[in-house]
Amino acid sequence: MNATADPAGQPAIRVQGLEKSFKQLKVLRGVDLDVARGSIFALLGSNGAGKTTMVTILSTLLKADAGTALVNGFDIAAQAPQVRESISLTGQFAAVDEILTGRENLVMVARLRHLKDPGAIADDLLRRFSLTEAGGRRVATYSGGMRRRLDIAMSLIGDPPVIFLDEPTTGLDPEARLEVWQAVKELAAGGTTVLLTTQYLDEAEQLADRIAILHEGRILVNGTLAELKALLPPAKVEYVEKQPTLEDVFLTLVGARTDRGPQ
Ligand SMILES: Nc1ncnc2c1ncn2[C@@H]1O[C@H](COP(=O)(O)OP(=O)(O)OP(=O)(O)O)[C@@H](O)[C@H]1O
Ligand SMILES: [Mg+2]
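The text that follows walks through the structure, step by step, so that each part is easy to find. Along each chain, numbering runs from 1 in the same order as the chain's sequence is written. The naming scheme follows written order: chains are lettered A onward, ligands numbered 1 onward. Per-residue local features are limited, in this predicted model, to residues with pLDDT of at least 70; the limit for side-chain atom pairs, both in listing and counting, is 80 or more; totals at the level of whole chains, interfaces and linings are taken over all residues.

Right, let's get into the overall build of the protein chain. From N to C terminus, the protein chain includes nine helices and twelve strands. Reported as C-alpha extents along the three principal axes, the dimensions of the protein chain are approximately 55 × 45 × 35 Å. The contact criterion used here is simple: two residues whose C-beta atoms, placed from the backbone, lie within 7 Å are in contact. Nonlocal contacts in the protein chain, meaning residues at least 24 apart in sequence, comprise 66% of its contacts between residues at least 6 apart. Helix numbers and strand numbers start at the N terminus; a helix is a DSSP run of H or I with at least 4 residues, a strand a run of E with at least 2.

See below:
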């Protein structure tokens, strides 16, 4: 059996000194981070910060210029096929087929992966993502939240130990976001490692065990929500102690280092 290359206790993802440029544009300038197994890690950053670039490199779809990364113990450069077997990537834009029903989408992917009993796999995922009733309907009739949940369900076929979710809730209404959050929490509770990117600070607050802020090519901070909040002193408002929100931390750090001049 081709077991994972790393002993237990090693992080699911280890990134060291990752660099990537597009021509003169230096997008990643030496990124380091570890993601513990079974945890949810949120990579925060503004538009163009390089979040999708990171996820694309870790999924082996794009080559880094320098640095190394291990995913599920496999080197993204030297062991790309093993990395691909270990992961799934749910992109920034949903990849479901509108003409097919939800169930047919799932069955199709299970067949493509040569799994036994695609129908049972589809039914199980529909149940896990509260799509059983909608499963027989064409995806064209689904709401944004249902599509997203189906998209994430599709990426779980084959039980990859590591999943990448690139902006899983962008464009969703609050209720649909809650549904996706619930699905992501259940994944991590089941032992899957989740690396998600987001621009929504409350999403990171709600979901992530650890949060890193990617800004101007580097990780500015990396820690638990409590650690990040401890970076700013609590603001005193009369007798009520107000903790800084993650938004305060983000804007202070990012704002302080962005050369935009006075706003
Ligand atoms: N294939 C490419 N060729 C040239 N430039 C690219 C390419 N891919 C990304 N870029 C540039 O790299 C920078 C980072 O892009 P990336 O998509 O990684 O950002 P992001 O953090 O995912 O942003 P968003 O929040 O808007 O999704 C941007 O300036 C983008 O224009
Ligand atoms: Mg992106």
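Let's shift gears to the packing of helix 3 (residues 102-112) against helix 5 (residues 144-155). All axes are obtained by fitting lines to C-alpha atoms, using only the stretch in contact for helices, and the reported angles, taken between N-to-C directions, cover 0 to 180 degrees. Put simply, helix 3 and helix 5 touch, their axes get as near as 9 Å, and they point 20° apart. Relative to helix 5, the element helix 3 lies roughly parallel. Taken as a pair, helix 3 and helix 5 cross one another with a handedness that is right-handed. Judged by residue contacts, Gly 102, Asn 105, Leu 106 and Val 109 of helix 3 engage Leu 150, Ala 153 and Met 154 from helix 5. When describing relative orientation, an angle under 35 degrees is termed roughly parallel and one over 145 degrees roughly antiparallel, while 65 to 115 degrees is termed roughly perpendicular and anything else oblique. Each crossing gets its handedness from the near helix: less than a right angle anticlockwise from the far helix is left-handed, clockwise is right-handed.

With that out of the way, let us pick up the site of ligand 1. Think of it this way: take the backbone, place a C-beta atom on it, and check whether that atom is within 6 Å of the molecule or strand, in which case the residue is near it. Near ligand 1 you find 13 residues, and of these Phe 22, Asn 47, Lys 51, Thr 52 and Thr 53 are the closest. Secondary-structure elements contributing two or more residues to the shell around ligand 1 are strand 2 (25-35) and helix 1 (51-58). The element that contributes the greatest number of residues to the shell around ligand 1 is helix 1, accounting for three residues. Class assignment for the residues of the shell around ligand 1 results in four nonpolar, eight polar and one charged. Residues are sorted three ways: Asp, Glu, Lys and Arg are charged, Ala, Val, Leu, Ile, Met, Phe, Trp, Tyr, Cys and Pro are nonpolar, and all the rest, Gly among them, are polar.

Attention now goes to the environment of Asp 166. Its place among the elements puts Asp 166 in strand 7 (residues 162-166). Taking C-alpha positions, Asp 166 is 17 Å from Leu 28, a pair spaced 138 residues apart along the chain.

As for its position among the elements, Glu 167 is in the loop between strand 7 and helix 6 (174-189). Counts of 20 or more other C-beta atoms within 10 Å of a residue's own C-beta define buried residues, counts of 12 or fewer define exposed ones, and intermediate counts define partly exposed ones; C-beta atoms are placed from the backbone. Exposure remark for Glu 167: the 19 C-beta atoms within 10 Å place this residue in the partly exposed category. Note: C-alpha distance between Glu 167 and Val 15 (152 residues apart in sequence) is 20 Å.

Helix span is expected to be 1.5 Å times the residue number reduced by one. Over its 16 residues, helix 6 extends 22 Å from the first C-alpha to the last, a length consistent with the 22 Å expected when each residue adds 1.5 Å. Every buried residue belonging to helix 6 is among Arg 177, Glu 179, Val 180, Ala 183, Val 184 and Leu 187, and all of these are buried. Along the long axis of helix 6, the arc covered by the buried residues comes to 160°, so they all point the same way. Opposite the packed face of helix 6, turned more than 90 degrees from it, sit the exposed residues Pro 174, Glu 175, Glu 186 and Ala 189. Summarising the contacts, the buried residues of helix 6 are in contact with strand 3 (40-44), helix 5, strand 7, strand 8 (193-198) and helix 7 (201-207). What the arc describes is the spread of directions from the helix axis to the C-beta atoms.

A regular strand carries its side chains on alternate faces of the sheet. Most of strand 9 (residues 210-215) is tucked away, with six of its six residues classed as buried. Burial of the side chains of strand 9 extends over both faces: Arg 210, Ala 212 and Leu 214 are buried on one face and Ile 211, Ile 213 and His 215 on the other. At least two DSSP bridges between two strands are needed for those strands to be called paired. Alignment of strand 9 against strand 10 (residues 218-223), held across five bridges, turns out to be antiparallel. Residue pairing for strand 10: Ala 212 is matched across the bridge by Asn 222. Taking the residues between adjacent antiparallel strands as the criterion, strand 9 and strand 10 are bridged by two residues, where Glu 216 takes a positive phi near 50°.

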